[in-house]
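Chain residues, written in single-letter form:
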Amino acid sequence: MKIASWNVNSLRVRLPHVTEWLQLNQPDVLAIQETKTVDEDFPVAAFEALGYRAVFSGQKTYNGVALVSRIAAADVLTDPPNLEDPQRRVLAGTFGDIRVVDVYVPNGSEVGSEKYAYKLDWLARMRVFLADELVRHPKLIVLGDFNITPDDRDVHDPAAWHEKILCSTPERQAFRDWLGLGLSDAFRLFDQAENSFSWWDYRAAGFRRNLGLRIDHILLSQPLAAACTSCEIDKTPRKLERPSDHAPVLAIIDGV
DNA sequence: ATGGTCGGTAACCGA
């Protein structure tokens, strides 16, 4: 199985990049975040033309998640029972015996802000949901835009970002708490180049200067981590005209 | 030079 995650920052604007990337990479499942597209406007036909199915949970202007896949998703879920969140940030689906949970974790804006408190509460509530998912689905993939750098290796300038949003200790602890459920950060199962990032600010030529953060992740439960043969960030689409500010992350899991 | 750019939507907010 080939599975990928990509925050596209508006599916309407990025559709040409996404369809081109799908054709080139042929993943079995692509988890998308920040579609910024209401369900009525989701471009189902563009994906069906490529032999892909899609399920989605969108809203106006903000957020929005989708799962684009070779086979249709079963047991689709948009609202974890204990989350009580009107924002469209979660989409779960089952493919064969593999459960996939696409997440768009709140950004948090600024440490100490109201949005930051919402982020930490959201992460804690989702942890409870994921613990339950893991009981029902030993083969679990949790992927998406986490808006968290797991540690300083994932930050271009750790001193400048020290205890800043996306890098604060409580956010990193919440990330570790998710790993503590029995999940592995697929990217760190392998040797990686230093300064590997998945997001670069549009401002200040961040991409050209590689001033980035690694905040997009693929987490694998134990049986899937054991079968994972690669995990990479594909910077190619970030180099295109009018790119998303995020690059896709891609993992290959053998024999499933 | 302590800012900068996007996207959505219609004056700014969110990232």
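Numbering of residues starts from 1 in every chain and runs along the sequence as written. Labels are handed out in written order, letters beginning with A for the chains and numbers beginning with 1 for the ligands. Reporting in this predicted model follows two pLDDT cut-offs: at least 70 for local features of residues, and 80 or more for side-chain atom pairs to be given and counted; totals over whole chains, interfaces and linings ignore these cut-offs and use all residues. Side-chain measures were taken over the full set of non-hydrogen atoms in the model, leaving aside hydrogen atoms and water.

**Student:** Before we go on, may I ask you to explain the nonpolar core in this structure?
**Tutor:** Grouped burial of nonpolar side chains is what soluble globular proteins tend to show. Core analysis: the largest hydrophobic core is formed by 31 residues, its most contacted members being Ile3, Leu67, Val100, Ile141, Ile218, Leu220 and Ile253. Pairs of residues are marked as contacts when any of their non-hydrogen atoms sit within 4.5 Å. Setting aside its immediate chain neighbours within four residues, isoleucine 3 contacts Val29, Val100, Ile141, Leu143, Ile218, Val249, Leu250, Ala251 and Ile253. The next biggest cluster of nonpolar side chains, apart from the first, holds 22 residues, and it includes Val103, Met126, Phe129 and Val142. In plain words, nonpolar cores are sets of buried Ala, Val, Leu, Ile, Met, Phe, Trp, Tyr and Cys residues tied together by side-chain atoms within 4.5 Å. Working definition: with a 1.4 Å probe on protein chains only, accessible area under 20% of the residue-type maximum means buried, over 50% means exposed, and in between means partly exposed.

**Student:** I tried to follow the protein's contact with DNA strand B on my own but got confused; where do I start?
**Tutor:** Whether a residue is near a molecule or strand depends on its heavy atoms: if one lies within 4 Å, it is near. The local shell around DNA strand B holds 17 residues, among which Ser10, Arg12, Arg14, Ala204 and Arg242 are the closest. Counting only the atoms of DNA strand B that lie within 4 Å of the protein, the sugar and phosphate share comes to 71%. Counting of polar contacts relies on pairs of N or O atoms within 3.5 Å, with two restrictions inside protein: one atom must be capable of donating a hydrogen and the other of accepting it, and residues adjacent in sequence are counted only when both atoms are side-chain atoms. One of the side-chain nitrogen or oxygen atoms of arginine 14 is found 3.0 Å away from a phosphate oxygen of DNA strand B. Side-chain polar atom of arginine 242 to a phosphate oxygen of DNA strand B: 3.0 Å apart, as the coordinates give it. In this description a helix means any DSSP run of H or I spanning at least four residues, a strand means any run of E spanning at least two, and both kinds are numbered starting from the N terminus. No other element matches the three residues that helix H1 (residues 11-25) contributes to the surface near DNA strand B. Amino acid classes used here: Ala, Val, Leu, Ile, Met, Phe, Trp, Tyr, Cys and Pro are nonpolar; Asp, Glu, Lys and Arg are charged; the rest, including Gly, are polar. Of the residues contributing to the surface near DNA strand B, the split by class is five nonpolar, four polar and eight charged.

**Student:** Before we go on, may I ask you to explain the state of the cysteines in this structure?
**Tutor:** A covalent bond bridging the sulfur atoms of two cysteines is what the word disulfide describes. The term disulfide is used for any two cysteine sulfur atoms that are within 2.5 Å. Scanning the entire structure with this criterion turns up zero disulfides. Distance from the sulfur of cysteine 167, which forms no disulfide, to the nearest cysteine sulfur (cysteine 231) is 19 Å. There is no disulfide at cysteine 231, and the cysteine sulfur nearest it, in cysteine 228, is 6.1 Å away.

**Student:** I tried to follow empty space enclosed by the protein on my own but got confused; where do I start?
**Tutor:** Where empty space is left becomes clear once a probe the size of a water molecule has been rolled over the atoms. Lining residues are defined by having an atom within 4 Å of a point belonging to a cavity or pocket. Those points lie on a 1 Å grid over the protein atoms alone, cavities being sets where a 1.4 Å probe fits but cannot get out and pockets being open sets with protein on both sides within 12 Å along at least five of seven lines. Grid points are joined across faces, edges and corners, and a volume is the space filled by probe spheres set on the points. The tally for this structure, following the rule as stated, stands at one cavity of 30 Å³ or more. Of the voids in this model, the largest cavity is the one considered here, and its volume is about 40 Å³. In terms of lining, the largest cavity is formed by Thr78, Asp79, Pro80, Leu83, Glu84, Asp85, Gln87, Arg88, Arg89 and Val90. A class-by-class count of the residues in the lining of the largest cavity yields three nonpolar, two polar and five charged.

**Student:** Explanation requested: H1 in the structure shown.
**Tutor:** An α-helical turn contains 3.6 residues, so a residue and the one three or four places further along point in the same direction. Here H1 spans only 18 Å end to end across 15 residues, well under the 21 Å set by a 1.5 Å rise per residue. Bend is the name given here to the angle between axes fitted to two runs of seven residues, the run ending at a residue and the run starting at it. Where H1 bends most, at histidine 17, the angle is about 35°. For H1, the elements touching its buried residues are strand S1 (2-7), strand S2 (29-33), helix H2 (44-48), strand S4 (65-69) and strand S14 (249-253). Directly after H1, the chain includes glutamine 26, whose backbone phi takes a positive value near 50°. In this scheme, a helix's expected span is set at 1.5 Å multiplied by one less than its residue total.

**Student:** It is not clear to me how the packing of helix H3 (residues 114-136) against helix H5 (residues 169-179) should be interpreted in this structure. Could you clarify?
**Tutor:** Geometry of a packed helix pair, given as the angle between the helix axes and the separation of the axes. Fitting a line to C-alpha atoms yields each axis, with helices limited to the stretch in contact; the angle taken between N-to-C directions then spans 0 to 180 degrees. Viewed as axis vectors pointing N to C, H3 and H5 meet at an angle of 10°, and their least axial separation amounts to 10 Å. In terms of orientation, H3 and H5 fall into the roughly parallel class. Of H5, the residues touching H3 (which contributes Tyr116, Lys119, Leu120, Trp122, Leu123, Met126, Arg127 and Leu130) are Pro170, Glu171, Ala174, Asp177 and Trp178. Any angle from 65 to 115 degrees is called roughly perpendicular, while one under 35 is roughly parallel, one over 145 is roughly antiparallel, and all others are oblique.

**Student:** Sorry if this is basic, but what is going on with the environment of tyrosine 116 here?
**Tutor:** Within the secondary structure layout, tyrosine 116 lies in helix H3. On the basis of relative accessible area, tyrosine 116 is assigned to the buried category, the value being 8%. When residues no more than four places from it in sequence are discounted, the contact partners of tyrosine 116 are Gly108, Glu110, Val111, Ile165, Ser168, Pro170 and Glu171. Within the local environment of tyrosine 116, its side chain forms a polar contact with the side chain of serine 168, the two groups lying 2.8 Å apart.

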